[in-house]
Amino acid sequence: QVQLVESGGGLVQPGGSLRLSCVASGSMFRINAMGWYRQTPGKERELVAVITSGGSTNYADSVKGRFTISRDNAKNTAILQMNSLKPEDTAVYYCNADVISNSKNLVGRLEVWGQGTLVTVSS
């Protein structure tokens, strides 16, 4: 089975930067698009940034010019570099992957989510 593990969250002052990492692990799988989402209590999970297998990217309007998503296919890793952070960026950030699995117990396309990493932007 495929699992995603996020890391890099923490407390940062407004205007600061954080770098989030998402690593996919398992066996017998390929990843199409990968993305970062965020969620605060009482609100729906929202898309922050996505990157396709070919390297095309898309961003939420609220983070354009401040966040950058990238990936390392050899390491099955997606990175979200967050600069000029604002208090409204505070949320739990989740990694998402569109996965094609061919394992013994699961064959087909599936959506995989990480457990999330908390980002807090505060003075």
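Scroll up to find the structure.
The structure reproduced in this document is the subject of the present report.

Conventions adopted
- Residues numbered from 1 in each chain as written.
- Predicted model: local features only at pLDDT ≥ 70, side-chain atom pairs only at ≥ 80, totals over all residues.
- Heavy atoms only, no water.
- Pairing = 2+ DSSP bridges.
- Helix = DSSP H or I, 4+ residues; strand = E, 2+ residues; numbered from the N terminus.
- Axes fitted to C-alpha atoms, helices over the stretch in contact; angles between N-to-C directions.
- Contact = heavy atoms within 4.5 Å.
- Core = buried A, V, L, I, M, F, W, Y, C linked by side-chain atoms within 4.5 Å.
- Buried < 20%, exposed > 50% of the residue type's maximum accessible area, 1.4 Å probe, protein only.
- Disulfide = S-S within 2.5 Å.
- Salt bridge = Lys/Arg side-chain N within 4 Å of Asp/Glu carboxyl O.

Examining the pairing of strand β5 (residues 46-51)
Pairing geometry for strand β4 (residues 29-39) and β5, over five bridges, is antiparallel. Bridge pairing links Trp-36 to Ala-49 in β5. What sits between the antiparallel neighbours β4 and β5 is a turn of six residues, in which Gly-42 has the positive phi angle 80°. The sheet contact formed by β5 and strand β6 (residues 57-59) spans three bridges and is antiparallel. Paired with Ala-49 across the strands is Tyr-59, a residue of β6. Between β5 and the antiparallel strand that follows it, β6, lie five residues; Gly-55 among them carries a positive phi value of about 100°.

Focus on the sheet that holds strand β7 (residues 67-72)
Strand order in the open sheet formed by four strands is β1-β3-β8-β7, and the pairing between neighbours is antiparallel. Strands at the two margins of the open sheet, each flanked by one partner only, are β1 (3-7) and β7. Direction aside, neighbouring strands of the sheet carry axes that sit 15° apart on average. Here five bridges tie β1 to strand β3 (residues 18-25), and the two strands are oriented antiparallel to one another. Its bridge partner being in β3, Gln-3 is matched across the sheet by Ser-25.

Let's talk about the environment of Arg-19
By the element assignment, Arg-19 lies in strand β3. Separated by 63 residues in the primary sequence, Arg-19 and Met-82 have C-alpha atoms spaced 6.0 Å apart. Apart from residues lying up to four places away in sequence, Arg-19 is in contact with Ser-7, Gly-8, Ile-79, Leu-80 and Gln-81.

Focus: the nonpolar core
Across soluble globular proteins, nonpolar side chains have a tendency to be buried as a group. Met-34, Trp-36, Val-48, Phe-67, Leu-80, Met-82 and Tyr-93 are the most contacted members of the largest nonpolar core, which has 31 residues in total. Top element by residues in this core is strand β9 (residues 91-102). It accounts for five residues. When neighbours within four sequence positions are excluded, Phe-67 is seen to be in contact with Arg-38, Val-48, Tyr-59, Leu-80, Gln-81, Met-82, Asn-83, Leu-85, Asp-89 and Tyr-93.

Let's talk about the state of the cysteines
By the definition in use, this model includes one disulfide. Disulfide pairing places Cys-22 opposite Cys-95 at an S-S distance of 2.0 Å. Every disulfide takes its handedness from the sign of the S-S torsion; for Cys-22 and Cys-95 that torsion is -80°, giving left-handed. Taken together, the residues Cys-22 in strand β3 and Cys-95 in strand β9 connect sequence positions 73 residues apart. Note on accessibility: Cys-22 and Cys-95 belong to one class, buried.

Some words on the pattern of salt bridges
Inspection of every chain in the model, using the stated rule, returns five salt bridges. A salt bridge links Asp-89 to Arg-66; the nearest nitrogen and oxygen atoms lie 2.8 Å apart. Of this pair, Asp-89 sits in the loop between β8 (77-82) and β9 while Arg-66 sits in the loop between β6 and β7, placing them 23 residues apart in sequence. Comparing Asp-89 with Arg-66 shows no difference in burial state: the two are buried. A single network of salt bridges, built from pairs that share partners, joins Arg-38, Glu-46, Arg-66 and Asp-89.

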